[in-house]
Amino acid sequence: MTPEHKGTAQLTTAMMLSGTLGVFVVESGASPFNVVFFRVLFGALALGGYVVARGWLRDHGFTPRTLGLAVLGGVFIVFNWVLLFQSYENTSISVATVVYHTQPFYVVLLGALLFRERLTAARVGWIAVAFAGLILVSGVTPADFTGGGAYLTGIGQALLAALLYGLSTLVTKRITGVRPHLIALVQVLVGIPLLLPFADFGAMDGTGWDWGWLLGLGFIHTGVMYVLMYAAYAQLPTAKIAVLAFVYPAVAMVMDWAVYGHHIGLVQALGVPLIVTASLKVTLARPRAAAPAPRTAAHEPEAASRTATPAACEV
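To start, this report covers the structure provided alongside it. Bear in mind that the values here come from a model prediction, so they are computed numbers and not experimental data.

With 18 residues, helix 7 (residues 121–138) should cover 26 Å at 1.5 Å per step; its first-to-last C-alpha distance of 26 Å lies within 8% of that length. By the burial criterion, the buried members of helix 7 are Arg123, Ile127, Ala130, Gly133, Leu134, Val137 and Ser138. Projection of helix 7 onto a plane perpendicular to its axis shows the buried side chains occupying an angular sector of 130°, all on one side. For helix 7, the exposed residues lying more than 90 degrees away from the buried face are Ala121 and Ile135. In the core, the buried residues of helix 7 are packed alongside helix 5 (93–100), helix 6 (103–115), helix 8 (150–172) and helix 13 (266–284). Two residues or fewer past helix 7, Gly139 is found with a positive phi of approximately 65°.

At a minimum axis distance of 7 Å, the contact between helix 7 and helix 13 shows a crossing angle of 155°. The orientation of helix 7 relative to helix 13 falls into the category roughly antiparallel. The handedness of the crossing between helix 7 and helix 13 comes out as left-handed. Residues Arg123, Trp126, Ile127, Val129, Ala130, Ala132, Gly133, Leu134, Leu136, Val137 and Ser138 of helix 7 pack against Val267, Gln268, Leu270, Gly271, Val272, Leu274, Ile275, Thr277, Ala278, Lys281 and Val282 of helix 13.

Opposite charge on two side chains allows them to pair when their charged atoms are near. Scanning the model with the defined rule gives one salt bridge in all. In this structure, Glu4 engages Lys240 in a salt bridge whose closest nitrogen and oxygen atoms are separated by 3.1 Å. In this pair, Glu4 is assigned in helix 1 (residues 3–19) and Lys240 in helix 11 (residues 238–244), connecting sequence segments 236 residues apart.

The rules behind the values
- Residues numbered from 1 in each chain as written.
- Predicted model: local features only at pLDDT ≥ 70, side-chain atom pairs only at ≥ 80, totals over all residues.
- Heavy atoms only, no water.
- Helix = DSSP H or I, 4+ residues; strand = E, 2+ residues; numbered from the N terminus.
- Expected span 1.5 Å × (residues − 1).
- Buried < 20%, exposed > 50% of the residue type's maximum accessible area, 1.4 Å probe, protein only.
- Arc of directions from axis to C-beta.
- Contact = heavy atoms within 4.5 Å.
- Axes fitted to C-alpha atoms, helices over the stretch in contact; angles between N-to-C directions.
- Parallel < 35°, antiparallel > 145°, perpendicular 65-115°, else oblique.
- Left-handed = near helix turned anticlockwise from the far one by under 90°.
- Salt bridge = Lys/Arg side-chain N within 4 Å of Asp/Glu carboxyl O.

Right, here's the structure in full:
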């Protein structure tokens, strides 16, 4: 098996796992803050064990500046998860996931706003197409503005989650010379004290077997999934990463239909190809990096700079 074939299998598996995340969140029965708290707790154990086993704590490559950036990115990531999981409750896994997949456009817009990155007319046009698709996918009607607003709130939560992910991406892009696993470990560790004041441990008394879903979110969706993604990033070109990233929302929509009977309507479905096409156009319009070098110990730190690859959604 060639490195690219191996990377394709790894990223496809990771994105399929991402697509099952919503079911684990809902089935756990815990509040979004509790879900994310235990995800970062168990995820820190999973990633920490992997990092220690690989001996990567030695010569970790962090400087005070890059460690501070990793911590800031962790703050954005943790609250991004909370908002996304709240959106599941107010909309559905399918709608929240597709709306959340507007992340690449926020990366482009925030980059232009905060760091004066070049924003071409073509990108602006594709972003407009994407948000037209977003309007269709959201399925918002006038009644949503007067009927209590839960659904509209859920759409807003998914959009805000995507915005926070975009901020995390821009911050993490500025960390070089550090393995992505170490950056992710710092980010989940940050979430433990950050979410501790919001966690309601009293509500977990009757959780019982539902702890299995929470363990899965930490060890499978944070440990195994991240290891697979980062291994794949070092072996795949940006174009393939961009395409495979859409396995995640596709699987999420199938799982939402198969487990809960939720599906988007015909008009909403018309917005999906608009978002997918625009996302690929915006992502692939970026300057392409050189072909990844073979994975060796000498090249692994450089692969860390690809943690924030905008084509993939790290949920």
